[in-house]
Amino acid sequence: MTSQVPVKPFGSAAGGAFLGMQPLPADKPYPMLSLRGDSLAQPFDLRKALAANEIMIGCGLLIPNAQHVRLAALSGFDFAFLDWEHSVMTSEQVTEYTRWINFASEGRTAAIVRVPNHEHHYAAWVLDAGASGIVFPHTETVEQAQKAVASVRFPTQKGGARSFPPVGLFFGVNDGAPDGVDMPDIYHRAALILQIESVLGAENADAIAQVEGVDGFMVGVGDLSLDIKSRLSDPAAIGAELGRSLGLVFAAAKAHRKPILGFTPDPSKLKDQLEQGYRAVAVAFDSFGISKLYRDSIATSWALVKEFKDEQDARGAEPNGTSE
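Below: a short report on this structure. (Residues numbered from 1 in each chain as written. Predicted model: local features only at pLDDT ≥ 70, side-chain atom pairs only at ≥ 80, totals over all residues. Heavy atoms only, no water.)

## Remarks on the packing of aromatic side chains
Scanning all chains against the criterion turns up 10 aromatic pairs. The ring of Tyr-30 has Arg-108 lying over it, and the distance from NZ or CZ to the ring centre is 5.9 Å. (Phe/Tyr/Trp six-rings, centres within 6.5 Å; stacked < 30°, edge-to-face > 60°. Lys NZ or Arg CZ within 6 Å of the ring centre and 35° of its normal.)

Now the structure itself:
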């Protein structure tokens, strides 16, 4: 793998100033640059980044729009999380978006895809497209974890049963590397992340973490809460069970060195998540961010309108801004 791609500033200072945008820190690291494939069609070595406990800041993408995906890839995130489970992306769209993330970011941003379920073909499609990480949702048992490993690893790799992809990379074009690794080794760089989002999954988290080939966890707090609420009605009991279940997942992740992938709508809480073992955190989600931008813009603008009108009333000005 290569790290020779130069790090250049993202965007002009004038353009950013026009939008009131914060510039990226000059010393911001780009960990994926040294872990990108020899071809941008290849997955980046996200497994190595997770094993090294690398802190990565990313974004989440739900809106099926290629231009929007390209913008996210160009923005300077370490990873972009494509949420195929909760979006209306087609299989063609999600594979193309995976490629756009790799290429538009010039190797700075890794594509992580949450597939709809544990069916192996979903993982195969996005891995063939160059995804650097796969998230399997609703993982509850060791057997599911083993099946997930089988879906993303080849028979020459322990626990693997994935079929050889004849058109994932093009023979003799971008299917090799200077160090002589073959195609299964190239795809072996992609990380397998299992999402725990039920009481049963939390109780089995320690055993799941010990399945060879599992690289990290993700916690589905929303679905975990719903699972608990389906069993309990007392708010105090629900809160206690949520704390217990989360504690089991965090303890398993810490004991077996499995970094946690997560999301926070409030970047000020990032340090708390890092303390809990999160290492890949999406600090912006497209749909949430746009909703907040629109509402904040309206609220701020109408506050200024009210201030303007109050000032007019105070000086007896006409509605057009002139005084009598």
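## What about the side chain of Gln-195?
Turning to its location among the elements, Gln-195 is positioned in strand β5 (residues 191-196). Since its relative accessible area comes to 2%, Gln-195 is described here as buried. Dropping the residues within four chain positions of it, Gln-195 is found in contact with Arg-114, Val-135, Phe-136, Pro-137, His-138, Thr-139, Met-218, Val-219 and Gly-220. (Helix = DSSP H or I, 4+ residues; strand = E, 2+ residues; numbered from the N terminus. Buried < 20%, exposed > 50% of the residue type's maximum accessible area, 1.4 Å probe, protein only. Contact = heavy atoms within 4.5 Å.)

## With respect to the pattern of salt bridges
Within the structure shown, the criterion is met by 14 salt bridges. Among the salt bridges present, the one from Arg-244 reaches Glu-203, with a minimum N-O distance of 2.9 Å. Note that Arg-244 is positioned in helix α11 (residues 235-255) and Glu-203 in helix α8 (residues 199-203), a separation of 41 residues in sequence. On the basis of relative accessible area, Glu-203 is assigned to the partly exposed category, the value being 46%. Of the charged contacts, one joins Glu-241 and Arg-244 as a salt bridge, the two residues approaching to 2.9 Å between their closest N and O atoms. Taken together, the residues Glu-241 and Arg-244, both in helix α11 and three residues apart, mark about one turn of the helix. Connected through salt bridges with shared partners, the residues Arg-47, Arg-153 and Asp-215 form a single ionic network. (Salt bridge = Lys/Arg side-chain N within 4 Å of Asp/Glu carboxyl O.)

## Regarding the environment of Ser-105
Inspection of the secondary structure puts Ser-105 in the loop between α4 (91-104) and β3 (110-114). Classification of Ser-105 by relative accessible area gives buried; the value is 1%. Here the alpha-carbon distance between Ser-105 and Phe-79, two residues 26 residues apart in the chain, equals 9.8 Å. Setting aside residues no more than four positions away along its own chain, Ser-105 makes contact with Ala-73 and Trp-100. Within polar-contact distance, the side chain of Ser-105 engages the backbone oxygen of Ile-101 at 2.7 Å. (Polar contact = N/O pair within 3.5 Å; in protein donor to acceptor, adjacent residues only side chain to side chain.)

## Overview of the side chain of Asp-215
If you trace the backbone, Asp-215 turns up in the loop between α9 (205-209) and β6 (216-219). Judged by relative accessible area, Asp-215 falls into the buried class, the value being 11%. A polar contact is formed between the side chain of Asp-215 and the side chain of Arg-153, at a distance of 3.0 Å. Within the local environment of Asp-215, its side chain forms a polar contact with the backbone nitrogen of Leu-192, the two atoms lying 2.8 Å apart. If sequence neighbours within four positions are ignored, Asp-215 has contacts with Arg-47, Leu-50, Arg-153, Ala-190, Ala-191, Leu-192, Lys-258 and Pro-259.

## Looking at the packing of helix α10 (residues 221-229) against α11
Direction vectors running N to C along α10 and α11 enclose 130 degrees, while the axes themselves pass 10 Å from each other. Between α10 and α11, the angle falls in the class oblique. Considering how the two elements wind past one another, α10 and α11 form a crossing that is right-handed. Of α11, the residues touching α10 (which contributes Val-221, Leu-224, Ser-225, Ile-228 and Lys-229) are Ile-238, Glu-241, Leu-242, Ser-245 and Leu-246. The residue inventory of the contact of α10 with α11, partitioned by class, reads six nonpolar, two polar and two charged. (Axes fitted to C-alpha atoms, helices over the stretch in contact; angles between N-to-C directions. Parallel < 35°, antiparallel > 145°, perpendicular 65-115°, else oblique. Left-handed = near helix turned anticlockwise from the far one by under 90°. Nonpolar A, V, L, I, M, F, W, Y, C, P; charged D, E, K, R; others polar.)

## Thoughts on a nonpolar patch on the surface
Together, Phe-18, Leu-19 and Met-21 make up an exposed nonpolar region whose accessible area comes to about 410 Å². Along the chain, the position of Met-21 falls in the loop between α1 (13-18) and α2 (46-51). (Patch = residues over 30% accessible without salt bridge, like charges linked within 9 Å, V, L, I, M, F, W, Y side chains within 5 Å. Areas by Shrake-Rupley, 256 points an atom, 1.4 Å probe, with all protein chains shown as cover.)

## A short note on the nonpolar core
Counting 52 residues, the largest nonpolar core has Phe-136, Leu-194 and Phe-217 as the members making the most contacts within it. Sorting elements by how many residues they give to this core places α11 first, with six residues. Those residues in contact with Phe-217 that lie beyond four places of it in its chain are Ile-193, Leu-194, Ile-196, Ala-205, Ile-208, Ala-209, Val-249, Ala-252, Ala-253, Pro-259, Ile-260 and Leu-261. Of all hydrophobic cores here, the second largest spans 21 residues; its members include Leu-35, Val-135, Leu-261 and Phe-285. (Core = buried A, V, L, I, M, F, W, Y, C linked by side-chain atoms within 4.5 Å.)

In short, geometric facts, not functional conclusions.
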